[in-house]
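Residue-level structural notes
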Protein chains: 2
Amino acid sequence: MKHRETKQKKVRKENLSDWYHWILEEADIVDSRYSIKGMLVYKKWGLLIIREMQRYLESLLEESGHEPTLFPVLIPEDILGKETQHIAGFEEQVFWVTHAGENKLERKLALRPTSETSIYEMFRLWIRSHTDLPLKVHQSCAVYRYETKHTRPLIRGREFLWNEGHAAHADKEDAKKNILEIQDIYGKLIRELLCMPFLIDRRPDWDRFPGADDTYAFDTIMPDGKTLQIATVHDLGQNFSTVFDITYEDSEGKHQHIYQTSYGPSFGRLLAALISIHGDDRGLVLPPKIAPLQVIIIPIIFKESDTAEIMEYAKKIRKKLDSMDVRTEIDAGEERPGAKFYYWEMKGVPLRLEVGPKDLKEKKITVVRRDTGDKSTIAFDEVDDVCKIFEDMSKDLGEKAEKGFNGKMFEAPALEDVGKYAGKGVIKIGWCGRKACAEEIGGYVSILNVDGDPLECVVCGDKGQGVRAAKTY
Amino acid sequence: MKHRETKQKKVRKENLSDWYHWILEEADIVDSRYSIKGMLVYKKWGLLIIREMQRYLESLLEESGHEPTLFPVLIPEDILGKETQHIAGFEEQVFWVTHAGENKLERKLALRPTSETSIYEMFRLWIRSHTDLPLKVHQSCAVYRYETKHTRPLIRGREFLWNEGHAAHADKEDAKKNILEIQDIYGKLIRELLCMPFLIDRRPDWDRFPGADDTYAFDTIMPDGKTLQIATVHDLGQNFSTVFDITYEDSEGKHQHIYQTSYGPSFGRLLAALISIHGDDRGLVLPPKIAPLQVIIIPIIFKESDTAEIMEYAKKIRKKLDSMDVRTEIDAGEERPGAKFYYWEMKGVPLRLEVGPKDLKEKKITVVRRDTGDKSTIAFDEVDDVCKIFEDMSKDLGEKAEKGFNGKMFEAPALEDVGKYAGKGVIKIGWCGRKACAEEIGGYVSILNVDGDPLECVVCGDKGQGVRAAKTY
């Protein structure tokens, strides 16, 4: 392995944005220099992290009865436009294919901004009877939205990678049940795989997915205090099934419109949050479960004559780790150990194993944790301890992130307090539910959710609820 | 598991095309009813097979030094158009994005028909020195071509799934070396994973990839005698590096244009060939390594009172197979065993294990091979034998396919013989190398390759080579 020379490190606390752009390039996450604004080139390390996320999520979804599918990227204009609120919400953002070669197409074709409409056209053909329900499908794909706001790599782009799930239900209750199950699955993905805390926020009506009766968003708090929406779950009611005429025959032979739910996490935004929340000045800090490489073994060789023996020892350790399904590599490159340490720390590899002449002699291994820098020694026969260390790291990383998260929760008894905390985290605010008052609050922050304990509105003083609000990405 | 009622089976030999469309629908491979011609909805079984192919291939490519990447689906017109032969070859097939929302875009954007141009724009930024070479990347993605010919599911479509690899080399020799290495990797994919025979054909100049100096194509022969191109490998020389100005500094400090190779197999076509070559009247026959499900266990229950014990036995078998990483399921549904046999045979699952009261009593398992229908009995303690049976099956399937393939090889000493064998397989024909003679031959078949032993031209009688020709998909 040969490592590139690195650019000047950035200090994360001083300027999160500078640090973020530095590490995206340095760690081979993405390249932002592609010739179309808002479209990224995904590079090896970023893609391998996304691959792990995708496999973990797909496996949970498939266990819960979702069938993998892949629908075309193009949706004819008439189909995209069937549900009026849906198209109203997306029409300004749609990329349109109008020509093929020299020919003007008879119908314009949209690059999917999301796939409800293309999938529901097929649901109409696939669903006949109550025995076909629930029908659940998912797909991992890219979607396209012509963002006019300032784009940011992985956070706001014109092409982004996600997984979208779509389910058809016989009744409202089954739809509700699925919403809870999906919240649980996404919760596992975010908390267990990525060790990140989150909030589930039922969005105000003006912030719902176009065509949904309700939208539940997963928000996390970035180190700079702004929130990032990383996943959403939508209760679509019968809005789409009515216009797409998707019906089933119930057990009494009557035709009923199905109920629907749709949902998706953004792999790009999850990756952006993962990088920002766990990272430090030395670079990425990856929780063990998501790390593409979990252990890097670095042979420490002082005397040329030790090389063969130390390399053999390193290979024995690797073999043992391989058999435990721990993703491991040996860095046998020619750089000095210091340069290797620096490189793999920047890449966020959870554990570094150093094996030098002393380790070899004593049949020991020096183990260094990426998150804390803690150095310890384990016996060769106790390589299994690596798994225990991974568990500790996951727990510690989760707790550290949780602590940062909890430190960014504020309460604003009056409107002037909202201004004080705006941009520092999530603020609990009393709100009466009226749009006019929300707009007043909106001068500082956006309202994230609509449910809370009774609390007087900070604007009009009327009875209301304590809701969450924040500056958002 | 509940199985749908099935439509009338089709006889494969009588009409391959009818059978093919029947099994695509029946086995949940793809749905061809999407509202845009030539664009498919990939369904569970098809997608799971493609997922296995993709993982196998990606793993070989990454072992050989390819970095995974993902480039944007859109390519600006000026970049797609840089290499004149390349754009000339693709311009009639390009889907153009011209608008976003209501706005006309300043530059037209192409849906990638292939990614040479977008990738090489970045190669120019990534490559500086000879130490950066070779640089090899790959991506699994969909590409878009507005086919005007008759479309056929998985064989000729307007959106198709593939993996494309791109490499940058310091010199011609390294490029040649890579071409051989990729031929070896694709050979493994086709022969070892999919148990299919193939030919590697160096294409005549009029049939090269637009912008390539040479194209090596992998052709297989479908049961109807037509050949199907399933993968290609291109020697791009310096054609792209010259116009994209991709240079490196050699060890003497001089700037040199890189040499390039690009290559890709079509997952859709590989799947089409897999289905057609191995299938039989009962449906799919999947080689063990590619089968999403390798073993289906079917409990045979005559007396209600035996249920618990037989199910427990089935679960014990499954557990053992799970621990061996054999993809296994138990079909505990309410259908009669016959219906289950029928269903899983149609799906092509390589092995069926039947466990009934007699098997339980004798601690045995009845094993039925999908390809031959052979029934045998193994002891519970010899479940490992399943792997041996898989090996035999893979070998037998490969040999059977090879036999079919060899039976479709003909020689045509004269032009009238060409007509006789046209559409029945691959024909060895003497050809002088002149375009005019190729056009004469082209009335019957297409010339697949340009290399062969000395043989007189069937058209003009001049000196030539024995080349391969066939009717092609």
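Only a predicted model underlies this, so the values are computations on that prediction, with no experimental measurement involved.

Points about the domain arrangement of chain A
In terms of domain boundaries, chain A breaks down into domain 1 (16-278), domain 2 (295-389) and domain 3 (409-470). In this structure, domain 2 of chain A and domain 3 of chain A have C-alpha centres spaced 51 Å apart.

Comments concerning the interface of chain A and chain B
Listed by partner, the interface residues are 52 residues for chain A and 52 residues for chain B. Its largest share of buried area at the contact with chain B, chain A owes to A:Y34, A:L70 and A:P72, together 13% of the area lost on that side. For the interface between chain A and chain B, the tally reads four salt bridges. Across the pair B:E58 and A:R51 runs a salt bridge, and its minimum N-O distance is 3.4 Å. Along the contact surface separating chain A from chain B lie 23 residue pairs in polar contact (both at pLDDT 80 or more). Sheet topology places strand β5 (residues 95-100) of chain A next to strand β5 (residues 95-100) of chain B; five bridges connect them, and they run antiparallel. Within the sheet, the bridge partner assigned to A:A100 lies in β5(B) and is B:F95.

As for the relation of the copies chain A and chain B
For the match of chain A to chain B, the screw axis carries a shift of 0.0 Å, the RMSD comes to 0.0 Å, and the turn is 180°. One copy is carried onto the other by what is essentially a two-fold rotation axis. By C-alpha distance to the rotation axis, the residue of chain A lying nearest is A:V97, at 2.1 Å. When the interface residues of chain A are mapped onto chain B, 100% of them are again interface residues, pointing to one common binding face.

Topic: empty space enclosed by the protein
Summed over the entire model, instances satisfying the criterion amount to three cavities of 30 Å³ or more. Every residue lining the largest cavity is counted, 44 residues in all, and those nearest its centre are A:Q54, A:S140, A:C141, B:Q54 and B:S140. Contributions of two or more residues to the lining of the largest cavity are made by α2 (44-63), β7 (135-144) and β8 (159-169) of chain A together with α2 (44-63), β7 (135-144) and β8 (159-169) of chain B. Grouping the amino acids of the lining of the largest cavity by side-chain chemistry returns 24 nonpolar, 10 polar and 10 charged. Looking at the second largest cavity, the residues that line it are B:R282, B:I296, B:F341, B:W344, B:E345, B:V349, B:R352, B:V368, B:R369, B:R370 and B:G373. Those elements giving two or more residues to the lining of the second largest cavity turn out to be α10 (337-346) and β18 (364-369) of chain B. When residues in the lining of the second largest cavity are grouped by element, the largest group, three residues, is from α10(B). Here the residues of the lining of the second largest cavity sort into five nonpolar, one polar and five charged.

Concerning the nonpolar core
Core analysis: the biggest nonpolar cluster contains 224 residues, and A:I29, A:L154, B:I29 and B:L154 have the highest contact counts within it. Apart from residues no more than four positions distant in its own chain, A:L154 is found in contact with A:Y20, A:L24, A:I29, A:V30, A:L40, A:Y42, A:G268, A:R269, A:L271, A:A272 and A:I275.

Some thoughts on the packing of α2(A) against helix α8 (residues 267-278) of chain A
Residues and elements named next belong to chain A. Between α2 and α8, the shortest axis-to-axis distance is 10 Å and the interhelical angle comes to 115°. The handedness of the crossing between α2 and α8 comes out as right-handed. Counted together, G46, I49, I50, M53, Q54 and L57 of α2 and F267, L270, L271 and L274 of α8 form the full contact between these two elements. Class assignment of the residues belonging to the contact of α2 with α8 gives a composition of eight nonpolar, two polar and no charged.

Quick look at the side chain of A:H66
All names here are of chain A. For H66, the location among the structural elements is in the loop between α2 and β3 (67-68). Given the relative accessible area of 3%, H66 is considered buried. The contacts of H66, once residues within four sequence positions are left out, are L61, K136, V137, H138, I182 and Y263.

Examining the sheet that holds strand β23 (residues 465-470) of chain A
All names here are of chain A. Spatially, β20-β21-β23-β22 is the arrangement adopted by the four strands of the open sheet, whose pairing is mixed. Edge strands, defined here as strands with exactly one partner in the open sheet, are β20 (409-412) and β22 (446-447). Across two bridges, the pairing between β22 and β23 is antiparallel. By the bridge assignment for β23, I447 is matched with A469. Contacts from helix α14 (residues 435-442) reach β21 (426-431) and β22, with the element oriented near 150° to β21.

With respect to the environment of B:G464
All names here are of chain B. Considering the arrangement of structural elements, one finds G464 in the loop between β22 (446-447) and β23 (465-470). When the C-alpha positions of G464 and W22 are compared, they lie 44 Å apart, and in sequence the two are 442 residues distant. Non-local contacts of G464, meaning those with residues more than four positions away in its chain, are made with W431, C432, D453, P454, L455 and E456.

Looking at helix α8 (residues 267-278) of chain B
Residue and element names in this part refer to chain B. A rise of 1.5 Å per residue sets the reference length of α8, with its 12 residues, at 16 Å; its end C-alpha atoms lie 16 Å apart and thus fit the reference within 8%. The buried fraction of α8 amounts to 12 of the 12 residues, a majority that puts the element mostly inside the structure. Among the residues making up α8, those that are buried are F267, G268, R269, L270, L271, A272, A273, L274, I275, S276, I277 and H278.

Focus: the pattern of salt bridges
The full count for this structure, using the stated rule, is 72 salt bridges over all chains. Between B:R282 and B:D280 there is a salt bridge whose closest N-O contact spans 3.8 Å. Among the ionic contacts, a cluster of salt bridges with common partners joins A:D280, A:R282, A:E345, A:R352, A:E354, A:R370 and A:K375.

Here's the deal with a negative patch on the surface
On the surface, A:D381, A:E382, A:D384 and A:D385 cluster together to form a negatively charged patch. Assignment of secondary structure puts A:D385 in helix α12 (residues 385-406).

Digging into the pairing of strand β11 (residues 227-237) of chain B
Residue and element names in this part refer to chain B. For β11, the tally of buried residues reaches 10 of 11 residues, placing the bulk of the element in the interior. Judged from the eight bridges that link them, strand β10 (residues 214-221) and β11 form a sheet pairing that is antiparallel. Residue pairing across strands places T215 opposite H234, the latter belonging to β11. A loop of five residues connects β10 with β11, the two strands running antiparallel in sequence, and G225 in this loop sits at a positive phi of about 95°. Pairing of β11 with strand β14 (residues 259-265), which is carried by six bridges, proceeds in the antiparallel orientation. Bridge assignment links T232 to a residue of β14, and that residue is G264.

Points about the packing of α2(A) against α2(B)
Where α2(A) contacts α2(B), the two axes come as close as 15 Å, and the packing angle between them is 155°. With respect to their mutual orientation, α2(A) and α2(B) come out roughly antiparallel. Where α2(A) crosses over α2(B), the two elements pack in a sense that is left-handed. When α2(A) is examined against α2(B), the residues A:L48, A:R51, A:R55, A:E58 and A:E62 are found in contact with a partner set consisting of B:L48, B:R51, B:R55, B:E58 and B:E62. Taken together, the residues of the contact of α2(A) with α2(B) break down into two nonpolar, no polar and eight charged.

Quick word on the packing of aromatic side chains
Within this structure, the stated rule accounts for 32 aromatic pairs over all chains. Aromatic pair A:F410 and A:Y421: ring centres 4.6 Å apart, planes at 10°, arrangement stacked. Of this pair, A:F410 sits in strand β20 while A:Y421 is found in helix α13 (residues 415-421), placing the two residues 11 residues apart along the sequence. Measuring from centroid to centroid gives 5.7 Å for B:Y313 and B:F380, while their planes differ by 40°, and the two rings are tilted. Of this pair, B:Y313 sits in helix α9 (residues 307-323) while B:F380 sits in the loop between β19 (375-379) and α12 (385-406), and the two are 67 residues apart along the sequence.

The rules behind each value
- Residues numbered from 1 in each chain as written.
- Chains lettered and ligands numbered in written order.
- Predicted model: local features only at pLDDT ≥ 70, side-chain atom pairs only at ≥ 80, totals over all residues.
- Heavy atoms only, no water.
- Domains from an automatic or database assignment.
- Contact = heavy atoms within 4.5 Å.
- Buried area = accessible area lost by both parts, 1.4 Å probe.
- Salt bridge = Lys/Arg side-chain N within 4 Å of Asp/Glu carboxyl O.
- Polar contact = N/O pair within 3.5 Å; in protein donor to acceptor, adjacent residues only side chain to side chain.
- Pairing = 2+ DSSP bridges.
- Helix = DSSP H or I, 4+ residues; strand = E, 2+ residues; numbered from the N terminus.
- Least-squares fit on C-alpha atoms with pLDDT ≥ 70 in both.
- 1 Å grid on protein atoms, 1.4 Å probe; cavity = no way out; pocket = protein on both sides within 12 Å on 5 of 7 lines; lining within 4 Å.
- Points joined across faces, edges and corners; volume = space filled by probe spheres on them.
- Nonpolar A, V, L, I, M, F, W, Y, C, P; charged D, E, K, R; others polar.
- Core = buried A, V, L, I, M, F, W, Y, C linked by side-chain atoms within 4.5 Å.
- Buried < 20%, exposed > 50% of the residue type's maximum accessible area, 1.4 Å probe, protein only.
- Axes fitted to C-alpha atoms, helices over the stretch in contact; angles between N-to-C directions.
- Left-handed = near helix turned anticlockwise from the far one by under 90°.
- Expected span 1.5 Å × (residues − 1).
- Patch = residues over 30% accessible without salt bridge, like charges linked within 9 Å, V, L, I, M, F, W, Y side chains within 5 Å.
- Areas by Shrake-Rupley, 256 points an atom, 1.4 Å probe, with all protein chains shown as cover.
- Lys, Arg positive; Asp, Glu negative; His and termini not counted.
- Charge placed at Lys NZ, Arg CZ, Asp CG, Glu CD.
- Parallel < 35°, antiparallel > 145°, perpendicular 65-115°, else oblique.
- Phe/Tyr/Trp six-rings, centres within 6.5 Å; stacked < 30°, edge-to-face > 60°.

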